[in-house]
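Summary of structural features
Letter by letter, the chains look like this.
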Amino acid sequence: VKRILTEAGIHPTPEKEKKKPPLDWMTFIGAHMETIVATDFFTKDILTPLGKRTAYILVFIHLGSRRVHISPPTYNPDSAWVTQQARNANMWRHDLGVKPRFLIRDADKKFSGPFDEIWKTEDTRIIQIPHSAPQANAFCESFIGTLKRECLDFFICFSQTQLAYILSTWRQHYHD
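The shown structure was predicted, so the numbers you read here are calculated from the model rather than taken from an experiment. (Residues numbered from 1 in each chain as written. Predicted model: local features only at pLDDT ≥ 70, side-chain atom pairs only at ≥ 80, totals over all residues. Heavy atoms only, no water.)

What follows covers the pairing of strand 5 (residues 125-128). On any regular strand, side chains alternate: one points to one face of the sheet, the next to the other face. With four bridges connecting them, strand 4 (residues 102-105) and strand 5 associate as parallel partners. Counterpart to Ile 104 in the pairing with strand 5 is Ile 127. At this point the chain moves from strand 4, through helix 4 (residues 113-120), to the parallel strand 5, and the crossover so formed is right-handed. (Pairing = 2+ DSSP bridges. Helix = DSSP H or I, 4+ residues; strand = E, 2+ residues; numbered from the N terminus. Right-handed = clockwise from strand over helix to strand, strands pointing away.)

Written out as structure tokens, the structure is:
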């Protein structure tokens, strides 16, 4: 196509310079570590008498202190459950004494309007990372990877209660 257009004397318009954001992402993160909470989902398979089921867990991490809040596992992460986890995370961050200005999350459809509203009422700005850019939520992704490699990969879970106990115990170990 390029050759045909060039032979016809049709040249593409020059590309406009791409505008750079005032701060690059790493500078932004470094400047706001104490005021950012990041969140993401991960899954763990549970073997039940009815067969294998997938449990969903939601993790929140305060970037400045690296303190985490891990939701109880669920098989059905609907809007009501996700919204309740936002309320629980707000109680957790109040206990930490953290006032986040930003919440980093991906574009997962499970993050519904009520989830965002819980955070917006606390004057927290939602920053949705681009699709296929896990590095933009690197702290949360790193924590989840560590949790899986160092703990969950060594267990076969048979109930949500067992998984919740393992997550609670490991979170305490991580904090200590």
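With that out of the way, let us pick up the confidence of the model for the protein chain. When pLDDT is averaged along the protein chain, the result is 88; 92% of the residues meet or exceed 70. Mean pLDDT values over the elements of the protein chain span from 76, in helix 1 (residues 2-7), up to 96, in strand 2 (residues 51-62). (pLDDT = per-residue confidence, 0-100.)

Okay, the packing of helix 5 (residues 138-150) against helix 6 (residues 160-175) next. At their nearest, the axes of helix 5 and helix 6 sit 12 Å apart, and the two run at 115° to each other. Between helix 5 and helix 6, the interaxial angle falls into the category roughly perpendicular. Crossing angle aside, the handedness with which helix 5 passes helix 6 is right-handed. Contact with helix 5, carried on its side by Phe 143, Thr 146, Leu 147 and Glu 150, involves Leu 167, Trp 170 and Tyr 174 of helix 6 and no other residues of that element. Across the contact of helix 5 with helix 6, the residue classes tally to five nonpolar, one polar and one charged. (Axes fitted to C-alpha atoms, helices over the stretch in contact; angles between N-to-C directions. Parallel < 35°, antiparallel > 145°, perpendicular 65-115°, else oblique. Left-handed = near helix turned anticlockwise from the far one by under 90°. Contact = heavy atoms within 4.5 Å. Nonpolar A, V, L, I, M, F, W, Y, C, P; charged D, E, K, R; others polar.)

Across its 18 residues, helix 3 (residues 79-96) extends 26 Å between first and last C-alpha, which sits within 8% of the 26 Å expected from 1.5 Å per residue. Among all positions in helix 3, only Trp 81, Val 82, Thr 83, Gln 85, Ala 86, Ala 89, Asn 90, Trp 92 and Arg 93 are buried. Where the residues of helix 3 are buried, they touch strand 1 (36-48), strand 2, strand 3 (68-70) and helix 4. Two residues or fewer past helix 3, Gly 97 is found with a positive phi of approximately 80°. (Expected span 1.5 Å × (residues − 1). Buried < 20%, exposed > 50% of the residue type's maximum accessible area, 1.4 Å probe, protein only.)

A full pass over the atoms with the stated rule returns four salt bridges. Across the pair Asp 116 and Arg 105 runs a salt bridge, and its minimum N-O distance is 2.9 Å. Taken together, the residues Asp 116 in helix 4 and Arg 105 in strand 4 connect sequence positions 11 residues apart. Note on accessibility: Asp 116 and Arg 105 belong to one class, buried. (Salt bridge = Lys/Arg side-chain N within 4 Å of Asp/Glu carboxyl O.)

On the basis of which strands lie adjacent, the open sheet formed by five strands has the order 3-2-1-4-5 and mixed pairing. Only two strands of the sheet have a single neighbouring strand rather than two, namely strand 3 and strand 5. In this sheet, adjacent strand axes meet at a mean angle of 25° when their direction is disregarded. Bridge count between strand 2 and strand 3: three bridges; the pairing is antiparallel. The partner of Phe 60 across the bridge, within strand 3, is His 69.

All right, on to the environment of Ala 80 then. With respect to the element layout, Ala 80 can be found in helix 3. Along the chain, Ala 80 and Arg 53 lie 27 residues apart, while their C-alpha atoms are 20 Å from each other.

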